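Here is what each chain is made of, one letter per residue.
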Amino acid sequence: MAESSIKTTRKLCETAIMIALATALSYVTLFSLPHGGSITLFSQVPIIIIGYRYGAKWGCSTGIIYGVLQMLLQGLGNFAYVKGIGAYLILILADYVLAFMSLGLGGAMFKKVIKNQTVALALGAFVGSLLRFICHFVSGVTIWGDYAGGWKSVWAYSAGYNGGYMAVEAAISVVAVIALSLVLDFSKENLKKTKKSK
């Protein structure tokens, strides 16, 4: 088998494992909100790492696959709460496809411009989470406004509701990628241990 084929196979296998890990971790819920949205145990991290290791195109593709899996495994019930093709499209794109694609994009975003792996991954986790929040915020304003009772506006509702759990999710992800980056060199094919500076 050619070396390029071996590398591609390895990349595909690693990506599949990371998607499976992210999916498994998404079921480890630290806190759930009544109408959806939850804080999970590091479920964003595998997608962020794939983005960092293999770039924006691969990271975005991985995030999209993960988002579709999230929709199929955990989110199909949400379609019962919205009506119309427009609402269905916003739900699919903003709450799943684009939201989780953002994690892969965030992971890849700073690798080339920031040489320090820890800083690049931490910023990537933060920006990826921020982009995911924006997607959920748009969804909250456009199709989940009926749940804004008691809030001054649908904008405040969406910002408060989605910002509440995404801020914690972002913090957990940033802490996790920092800890992992101090142990493993994600730029190496074999995930070698990082060299400690003397």
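Here the residue numbering is sequential within each chain, running from 1 through the sequence in written order. pLDDT decides what is reported in this predicted model: residues at 70 or higher carry local features, side-chain atom pairs at 80 or more are listed and counted, and totals for whole chains, interfaces and linings draw on all residues regardless. Note that water and hydrogens are dropped before the side-chain values are worked out from all heavy atoms of the structure.

A. Region of the structure containing the packing of helix α4 (residues 85–109) against helix α5 (residues 117–142). For helices, the fitted line uses only the C-alpha atoms of the stretch in contact; every axis is such a line through C-alpha atoms, and the angle between N-to-C directions lies from 0 to 180 degrees. Secondary structure elements follow DSSP: runs of H or I no shorter than four residues count as helices, runs of E no shorter than two count as strands, and numbering proceeds from the N terminus. Look at α4 against α5: their axes get within 7 Å of each other, and the N-to-C directions meet at 165°. Comparing the axis directions of α4 and α5 gives the class roughly antiparallel. Regarding α4 and α5, the two cross each other, and that crossing is right-handed. Here I90, A94, D95, L98, A99, F100, S102, L103, L105, G106, G107 and M109 of α4 lie close against α5, whose contacting residues are G124, V127, G128, S129, L131, R132, C135, H136, S139 and T142. Partitioning the contact of α4 with α5 into residue classes produces 11 nonpolar, 9 polar and 2 charged. To sort the angles, those under 35 degrees are grouped as roughly parallel, those over 145 as roughly antiparallel, those from 65 to 115 as roughly perpendicular, and the leftovers as oblique. Each crossing gets its hand from how the near helix is turned against the far one by less than a right angle, where anticlockwise is left-handed and clockwise is right-handed. Two residues form a contact once any of their heavy atoms are found within 4.5 Å. Each residue gets one of three labels, nonpolar for Ala, Val, Leu, Ile, Met, Phe, Trp, Tyr, Cys and Pro, charged for Asp, Glu, Lys and Arg, and polar for the others, Gly among them.

B. Highlighting the side chain of S102. Relative to the assigned elements, S102 resides in helix α4. A residue is classified by how much of its surface remains accessible, and S102, at 5% relative accessible area, is buried. The classification of residues rests on relative accessible area computed with a 1.4 Å probe and restricted to protein chains. Under 20% of the type maximum is buried, over 50% is exposed, and intermediate values are partly exposed.

C. Region of the structure containing the environment of T40. Mapping T40 onto the fold places it in strand β2 (residues 38–40). Take T40: its relative accessible area is 5%, and that puts it in the buried class. The spatial distance from the C-alpha of T40 to the C-alpha of A22 is 9.9 Å, given a sequence separation of 18 residues. Excluding anything up to four places from it in sequence, T40 contacts L25, S26, V28, T29, L30, E169 and I172. There is a polar contact of 2.5 Å between the side chain of T40 and the side chain of S43. Here a polar contact is taken to be a pair of N or O atoms separated by no more than 3.5 Å, where protein atoms must pair a possible hydrogen donor with a possible acceptor and residues adjacent in sequence count only if both atoms sit in side chains.

D. Structural view of the confidence of the model for the protein. Taken residue by residue, the protein gives an average pLDDT of 92. The fraction at 70 or more is 95%. Per-residue confidence from the predictor is reported as pLDDT, which spans 0 to 100. No element of the protein has a lower mean pLDDT than strand β1 (residues 29–32), which averages 87, and none a higher one than helix α2 (residues 45–54), which averages 98.

E. Local environment of unusual backbone geometry. One non-glycine residue, F42, adopts positive backbone phi at about 65°. Among the secondary structure elements, F42 is positioned in the loop between β2 and α2. On the accessibility criterion, F42 (34% relative accessible area) is partly exposed.

F. How the structure looks around the packing of α2 against α4. Their axes nearest at 6 Å, the elements α2 and α4 cross at an angle of 45°. Viewed along their axes, α2 and α4 adopt a mutual orientation that is oblique. In this structure, the crossing between α2 and α4 has a hand that is right-handed. Listed contacts from α4 to I47, I48, G51 and Y52 of α2 are F100, L103, G104, G107 and A108. Residues that form the contact of α2 with α4 fall into these classes: 6 nonpolar, 3 polar and no charged.

G. Highlighting α2. Of all the 10 residues making up α2, 9 are buried; the element is thus mostly covered by neighbouring parts of the structure. Buried within α2 we find V45, P46, I47, I48, I49, I50, G51, Y52 and R53. Once α2 finishes, G55 follows within two positions and takes phi at roughly 95°, a positive value.

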